[in-house]
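One letter stands for each residue in the lines below.
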Amino acid sequence: MREEINAEMVILARESRGMTQAALARAMNVQQGTVSKIEAGLQNPSEEMIEKLARTLRYPRAFFYQDDRVHGFGSSVFYHRKRQSLPQSVLRKLHADMNIRRFHIERLLRSAAIEASFSFHAYDVADFGGSVEDVAQLVRADWKLPPGPVRNVTEAIESAGGVVVRCDFGTRKIDAISEWVSTCPPIFFINANTAITGDRLRFNLAHELGHIILHQGGGGPNIEEEADRFASEFLMPGAEIKTSLHRLNIPKLASLKQYWKVSMQALVMRAYRLKTITEAQMRYLFIQFSQAGYRMREPEELDIPVEKPTLLKMMIDAHANELGYSAADLGRILNLEEDEFRDLYTERSLRLLRG
Ligand SMILES: [Zn+2]
């Protein structure tokens with residue numbers, strides 16, 4: 001552990017609690033200049049001040065001594081946020097939360113290594129003549145996915161060692177974010193704040209997978225469209241689905257939805273892109289969706305089950321059951337207070353709750 005606190009961790013802790021410097025100073029009953037100087041690394045806080053920070057921000061003291069690298073948002077988030085015009089306060093909290101969650105995963109990985117059957121490779125779409133679809137096919141092949149629908153996207157990602165984490169983004173404007181930094185496997189953050197349908201979750205994960213595979217170098221101005229194309233081909237390979245996308249109507253779309261586990265709207269878009277329906281036919285189907293209220297919510301009886309991540313839970317369970325960690329021990333290695341550890345990682349059912 002460092003001897004002095006890491007000023008960056010003070011910023012991260014504060015932003016993860018959605019506080020401004022002024023609010024933190026008020027809560028600690030100190031001048032804002034004091035907080036500002038601590039965060040700028042200009043002032044080494046006294047023991048008493050560190051204690052105050054820890055109490056006010058609800059992190060154990062060790063949190064402030066972490067020397068992990070804080071990463072900025074990747075390019076996918078840059079484009080998401082441009083599209084969705086998120087307030088700075090929301091972005092700051094999201095940024096802090098993503099970094100903190102990554103620290104947790106890195107710490108858990110120290111004693112519970114992931115035994116992945118497959119792996120992630122970044123590809124440059126320029127090497128494929130711009131065919132995002134070829135890259136999506138290659139990933140399906142890398143991961144030995146059989147032809148037809150992807151049975152479980154979350155499972156496919158996790159079997160390649162990717163970690164899927166549900167967390168509250170504090171906004172409903174973004175469904176998912178992903179990041180891949182060198183110290184950690186790719187992480188897929190799913191917004192627990194939205195009541196997402198199973199088909200939308202799958203599409204979002206496949207979209208983020210597209211960013212992870214294609215846009216590690218940053219990518220160009222079309223990265224959102226590329227990620228969507230990647231997701232479409234990954235979930236609905238053109239060569240396999242094309243013949244079923246003729247003469248579409250709602251009952252046919254409903255049964256295709258059940259088979260491919262994608263939304264009816266995604267199927268219509270796919271059909272249009274594969275040129276099995278005309279633009280007029282696409283428009284007509286979308287009018288029918290609107291009239292039935294399906295643009296907002298497709299009928300419940302057609303819902304696709306919501307996939308649940310298991311890898312992170314397995315890592316926690318391995319610590320609890322095989323390594324004998326208590327919830328307090330786990331809180332300690334993750335630099336969380338025990339209550340917050342339970343909130344974030346024990347789903348009320350885990351053995352830890354009783355232990
Ligand atoms: Zn995106």
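Here the structure is shown first, and the text comes after it.
Residues numbered from 1 in each chain as written. Predicted model: local features only at pLDDT ≥ 70, side-chain atom pairs only at ≥ 80, totals over all residues.

## A word on the overall build of the chain
Line of reasoning, step 1. Within the chain one finds 18 helices and three strands.
Line of reasoning, step 2. Scaling as 2.2 N^0.38, a compact globule of 355 residues should have a C-alpha radius of gyration of about 20 Å, and the chain matches this with 23 Å.
Line of reasoning, step 3. When its C-alpha atoms are laid out on the principal axes, the chain stretches across 70 × 45 × 45 Å.
Line of reasoning, step 4. With 355 residues in all, the chain has 37% of them scored as buried. (Helix = DSSP H or I, 4+ residues; strand = E, 2+ residues; numbered from the N terminus. Rg over C-alpha atoms; globule rule 2.2 N^0.38 Å. Buried ≥ 20, exposed ≤ 12 C-beta atoms within 10 Å, placed from the backbone.)

## Quick word on the sheet that holds strand β3 (residues 187-191)
The strands making up a sheet are joined through hydrogen bonds of the backbone, oriented either antiparallel or parallel.
Line of reasoning, step 1. Read across the open sheet, the three strands follow the order β1-β3-β2; overall the sheet is mixed. Each edge of the open sheet is held by one strand with a lone partner, namely β1 (163-167) and β2 (176-179). With strand direction ignored, the average angle separating the axes of adjacent strands in the sheet is 20°.
Line of reasoning, step 2. Relative to β3, β2 runs antiparallel, the two sharing four bridges. When the bridges of β3 are listed, Glu179 appears paired with Ile187.
Line of reasoning, step 3. Of the strands in this sheet, β1, β2 and β3 are in contact with helix α6 (residues 88-111), which crosses β1 at around 135°. (Pairing = 2+ DSSP bridges. Axes fitted to C-alpha atoms, helices over the stretch in contact; angles between N-to-C directions. Contact = placed C-beta atoms within 7 Å.)

## As for the packing of helix α2 (residues 21-28) against helix α3 (residues 32-39)
Line of reasoning, step 1. Running from N to C, α2 and α3 cross one another at 115°; their axes reach a closest spacing of 8 Å. For the pair α2 and α3, the crossing hand works out as right-handed. Taking contact as the criterion, the partners of Gln21, Ala22, Leu24 and Ala25 in α2 are, on α3, Gln32, Thr34, Val35, Ser36 and Glu39.
Line of reasoning, step 2. The residue inventory of the contact of α2 with α3, partitioned by class, reads four nonpolar, four polar and one charged. (Left-handed = near helix turned anticlockwise from the far one by under 90°. Nonpolar A, V, L, I, M, F, W, Y, C, P; charged D, E, K, R; others polar.)

## Here's the deal with the pairing of β3
Line of reasoning, step 1. Across the five residues that make up β3, a large majority, five, are buried.
Line of reasoning, step 2. Along β3, one buried face is formed by Ile187, Phe189 and Asn191 and the opposite face, lined by Phe188 and Ile190, is buried too.
Line of reasoning, step 3. Bridge count for β1 against β3 is five bridges, and the pairing is parallel. In the strand pairing of β3, Cys167 is matched with Asn191.

## Observations concerning helix α1 (residues 7-16)
Line of reasoning, step 1. Along α1, seven of the 10 residues are buried, which leaves the element largely enclosed by surrounding structure.
Line of reasoning, step 2. All buried positions along α1 are accounted for by Met9, Val10, Leu12, Ala13, Arg14, Glu15 and Ser16.
Line of reasoning, step 3. Each element contacted by the buried residues of α1 is listed here: α2, α3, α4 (47-57) and α6.
Line of reasoning, step 4. The first or second residue beyond α1 is Gly18, which carries a positive phi of 65°.

## Looking at the environment of Arg342
Line of reasoning, step 1. Topologically, Arg342 is positioned in helix α17 (residues 338-345).
Line of reasoning, step 2. The exposure class of Arg342 is partly exposed, given the 19 C-beta atoms found within 10 Å.
Line of reasoning, step 3. Spatially, the C-alpha atoms of Arg342 and Pro309 are 17 Å apart, while their sequence positions differ by 33 residues.

## Topic: the packing of helix α12 (residues 250-260) against helix α13 (residues 264-273)
Line of reasoning, step 1. Contact pair α12 / α13: the axes reach a minimum separation of 9 Å and the direction vectors enclose 105°. With respect to their mutual orientation, α12 and α13 come out roughly perpendicular. In this structure, α12 uses Leu253, Ala254, Leu256 and Lys257 to contact α13, whose residues at the interface are Met264, Leu267 and Val268.
Line of reasoning, step 2. For the contact of α12 with α13, a count of residues per class yields six nonpolar, no polar and one charged. (Parallel < 35°, antiparallel > 145°, perpendicular 65-115°, else oblique.)

## A look at the nonpolar core
Line of reasoning, step 1. Counting 66 residues, the largest nonpolar core has Phe234 and Leu235 as the members making the most contacts within it.
Line of reasoning, step 2. Broken down by element, the residue count for this core peaks at eight residues, all from helix α9 (residues 198-214).
Line of reasoning, step 3. Dropping the residues within four chain positions of it, Leu235 is found in contact with Val150, Arg202, Phe203, Ala206, Trp260 and Val262. (Core = buried A, V, L, I, M, F, W, Y, C linked by C-beta atoms within 7 Å.)

## Section: helix α15 (residues 311-322)
Line of reasoning, step 1. For α15, spanning 12 residues, the distance from its first C-alpha to its last is 15 Å, which sits close to the expected 16 Å at 1.5 Å a residue.
Line of reasoning, step 2. Among all positions in α15, only Leu311, Leu312, Met315, Ile316, His319 and Ala320 are buried.
Line of reasoning, step 3. Once α15 finishes, Gly324 follows within two positions and takes phi at roughly 70°, a positive value. (Expected span 1.5 Å × (residues − 1).)

## Topic: the environment of Leu53
Line of reasoning, step 1. Following the sequence through the fold, Leu53 ends up in helix α4.
Line of reasoning, step 2. In sequence terms Leu53 and Arg297 are 244 residues apart; their C-alpha atoms lie 45 Å from each other.
Line of reasoning, step 3. The contact partners of Leu53, leaving out residues within four places of it in the chain, are Val10, Pro45 and Phe64.

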